[in-house]
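Chain by chain, the residues:
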Amino acid sequence: MVGVVGVGRSRRRGRPPTVLPSSAVAPRAEHSVSCWYCDCKIHSFNDIIFNLGWRYARYARAWFSVGVYFSVVALVGISVMLLWDSIGAICFSDRSFTTWLQSLLASSFSMSVIDIVAIIISTVLSIAFHEFGHAVAAASEGIQIEYIAVFVAALFPGALVALNYDQQQNLPLFSMLRIYCAGIWHNVMLCAVCVIMTLLLPVVLNPLYMSGDGLMVTGVPQTSPLSGYLSAHDVILSVDGLNITRADEWMNVEKINSHNLLEDSQSGDTGSRKGYCVPNSWMDASKNLWQINDKLSCPDDLIAFKKMTGKGIDKKEAEDKYCLIAKDVAKLKKCGNGWRGIEDDRSNFACLEDEYCLVPVLGPGFSWIEISYARPYSLECLQKEGNSSSSHVDNLGFSPCQGTFVYVGDMLSTAHSIKLSSYRPRWTLFLFIADIPYILENGLSCLCHVSAALAVVNSLPVYFLDGEAILETTLSYFAWFTKRQQRKILKVCCVLWTILSFVLFSRTLYSVTLYYGFV
């Protein structure tokens, strides 16, 4: 969700001014409404912003001068990468930059009420900080601000700062660049602030929250496939034996599982790489049960397994399947090469002589995920630990309320269906504010993504955005180009990157609608 932002485009060098209010007696707010465009012009902050920028003009100019160099490099770099990526998509089917940009523009937020509110607030703050940069940069150059407009054009929200055209005409080129690059520079700095605040969260939250020993579940919708296994305030300790402490680690584990699943499906292997050392006595009893069922399928509460050798599935015994209880098998010693991290005494993957390495038989697109969790805030757990009086929850490694379950299904989409936080309250008394760290983490992440997306979009030489003004002013430095040549270069660049940007946004919008099932 990115708004269109920037300074008054029609007021650049060499263009006639539009009809805009220029006197001090202009009304406080004016509105323009049409079938595709409506805006609200605000004059209330003109004097405040101008006085601020002019009072600290020396420092502001130095600050925005750094932003000029950064923005020009960003314009060239991002434009070249987008062009190269588009060429590569046609010739080499490689869209690494486009994939990154799509992930930046469409962050992996679930469509919950909290996340929608976070996106809206982040968009408003990012656009406001962007326009504040333009306004202060103009004021530091002595340019009067005529108004600040908030508008909606063809369903896209945005804002702009209209400047005094006559004063702007007399500015040096570099001063104009300081004004045009200020919005991008402020968005980048806002991202830096979000990153710093995220890094400081453990220190700020430490008095009331603890982290580093698992992920606390802050919400499990009833539609989530994991709703039957996890509930709010449970703590996920590990996935497939790998301890996880951050939400990004949770997502990375599921991406690796999906990648391994894709490799197995391409090779025609229907078995998992994760095996268990099952005693021969279990196998004999299970084989008899399967034969009783006419070798059709296992009962609903059982999972089919088959043998694995050091080279993979034993082809000679592929017809032999064993129906076993998943939660009982998960307690056995592990084998196979699909486990990423085992830290207990079962880490030796060699089975004994009276055991055989069995792997689950999975359907197409299904993964076998073993998740260990704890319920330190449950009443039963507090009573067992004898801490119900102090309500202090710590030392999950020795909690009597731990458990392990096996989930079989599409884990990549399932991973997005629950809300996780790296922080959990130190005392059950503060469970009512358990969601505060999640809101802060997601809020800062959302603000960083939106602000970065705004900076990237405005760095492109696209019509009506900052990139067009920056490119036009930069071309004026090249004296060997005539004015006519500069206009042609500007037109070609703007047309090309506007088309590429439109294609990118269309693909991003389509991907988002597919992901959330809107189409």
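A short tour of the structure in this document, coming up. Keep in mind the model is a prediction, meaning the values are calculated, not measured.

1. Describing the packing of aromatic side chains
As enumerated under the stated definition, the model contains 14 aromatic pairs in all. Where Tyr463 meets Phe464, the ring centres are 6.3 Å apart and the plane angle is 50°; that geometry is what we call tilted. Residue classification places Phe464 among the exposed positions, given a relative accessible area of 60%. Between the aromatic rings of Phe478 and Trp480, the centroid separation amounts to 5.2 Å while the plane-to-plane angle is 65°, which identifies the pairing as edge-to-face. When its relative accessible area of 31% is taken as the criterion, Phe478 is described as partly exposed. Three or more aromatic residues joined by ring pairs make a cluster, and in this case those are Tyr229, Tyr373, Phe405 and Tyr407. Positioned over the ring face of Tyr147 is Lys41, at 5.7 Å from the centre of the ring. Over the ring of Tyr356 we find Lys307, and its NZ or CZ is 4.4 Å from the ring centre.

2. Re the pattern of salt bridges
Using the criterion set out here, one finds 8 salt bridges in the structure. Close ionic contact of Arg375 with Asp234 constitutes a salt bridge, the shortest N to O distance being 3.1 Å. Here Arg375 is found in the loop between β15 (367–374) and α10 (379–385), whereas its partner Asp234 is found in the loop between β6 (209–219) and β7 (235–239), with 141 residues between them in sequence. For Arg375, a relative accessible area of 30% puts it in the partly exposed group. Here Glu249 ties to Arg246 by a salt bridge, and the two come within 3.3 Å at their closest N and O atoms. In the salt-bridge network here, residues are joined through shared partners; they are Arg61, Glu141 and Arg178.

3. Focus: the environment of Phe129
Looking at the element boundaries, Phe129 is found in helix α4 (residues 113–140). Sequence separation between Phe129 and Met189 is 60 residues, and the spatial gap between their C-alpha atoms is 9.8 Å. Dropping the residues within four chain positions of it, Phe129 is found in contact with His186 and Leu190.

4. Regarding helix α12 (residues 436–459)
With 24 residues, α12 extends 34 Å from end C-alpha to end C-alpha; this agrees with the ideal 34 Å at 1.5 Å per step. Within α12, 18 of the 24 residues are buried, which leaves the element mostly enclosed by the surrounding structure.

5. Some words on the packing of α4 against α12
Here α4 crosses α12 at 45°, and the two axes come no closer than 8 Å. With respect to their mutual orientation, α4 and α12 come out oblique. As for how α4 packs across α12, the hand of that crossing is right-handed. Two secondary-structure elements touch here, α4 through Asp115, Ala118, Ile119, Ser122, Thr123, Leu125, Ser126, Ile127 and His130 and α12 through Tyr438, Asn442, Gly443, Cys446, Leu447, Val450, Ser451, Leu454 and Asn458. Class assignment of the residues belonging to the contact of α4 with α12 gives a composition of 9 nonpolar, 8 polar and 1 charged.

6. Some details on the nonpolar core
Core analysis: the largest hydrophobic core is formed by 43 residues, its most contacted members being Phe64, Leu163, Ile179 and Ile470. Mapped onto this core, the elements with two or more residues apiece are α2 (57–91), α4, β4 (145–153), β5 (156–163), α6 (173–205), α12, α13 (466–475) and α14 (483–515). In terms of residues, this core owes the most to one element, α6, which gives 9 residues. Listed in part, the 19 residues of the second largest apolar core include Leu230, Trp250, Ile371 and Tyr373.

7. Let's talk about the side chain of Gln486
Secondary-structure assignment places Gln486 in helix α14. Judged by relative accessible area, which is 10%, Gln486 ranks as buried. With residues near it in sequence (within four places) discarded, Gln486 still touches Leu475, Ser476, Phe478 and Phe481.

8. Describing α4
For α4, spanning 28 residues, the distance from its first C-alpha to its last is 40 Å, which sits close to the expected 40 Å at 1.5 Å a residue. The first or second residue beyond α4 is Gly142, which carries a positive phi of 85°.

9. Thoughts on the state of the cysteines
Enumeration according to the criterion identifies 2 disulfides in this entry. Disulfide pairing is shown between Cys277 and Cys351; the S-S distance is 1.9 Å. Looking along the S-S bond of the Cys277-Cys351 disulfide, the torsion reads about -80°, which is the left-handed sense. In this pair, Cys277 is assigned in strand β9 (residues 274–279) and Cys351 in the loop between β13 (334–336) and β14 (355–360), connecting sequence segments 74 residues apart. You can call Cys277 buried: its relative accessible area is 1%. With its sulfur 2.0 Å from that of its partner, Cys335 forms a disulfide with Cys357. Because the torsion about its S-S bond is 95°, the bridge between Cys335 and Cys357 counts as right-handed.

Thresholds applied
- Residues numbered from 1 in each chain as written.
- Predicted model: local features only at pLDDT ≥ 70, side-chain atom pairs only at ≥ 80, totals over all residues.
- Heavy atoms only, no water.
- Phe/Tyr/Trp six-rings, centres within 6.5 Å; stacked < 30°, edge-to-face > 60°.
- Buried < 20%, exposed > 50% of the residue type's maximum accessible area, 1.4 Å probe, protein only.
- Lys NZ or Arg CZ within 6 Å of the ring centre and 35° of its normal.
- Salt bridge = Lys/Arg side-chain N within 4 Å of Asp/Glu carboxyl O.
- Helix = DSSP H or I, 4+ residues; strand = E, 2+ residues; numbered from the N terminus.
- Contact = heavy atoms within 4.5 Å.
- Expected span 1.5 Å × (residues − 1).
- Axes fitted to C-alpha atoms, helices over the stretch in contact; angles between N-to-C directions.
- Parallel < 35°, antiparallel > 145°, perpendicular 65-115°, else oblique.
- Left-handed = near helix turned anticlockwise from the far one by under 90°.
- Nonpolar A, V, L, I, M, F, W, Y, C, P; charged D, E, K, R; others polar.
- Core = buried A, V, L, I, M, F, W, Y, C linked by side-chain atoms within 4.5 Å.
- Disulfide = S-S within 2.5 Å.

It is worth stressing that arrangement in space is one thing and function is another; only the former is reported here.
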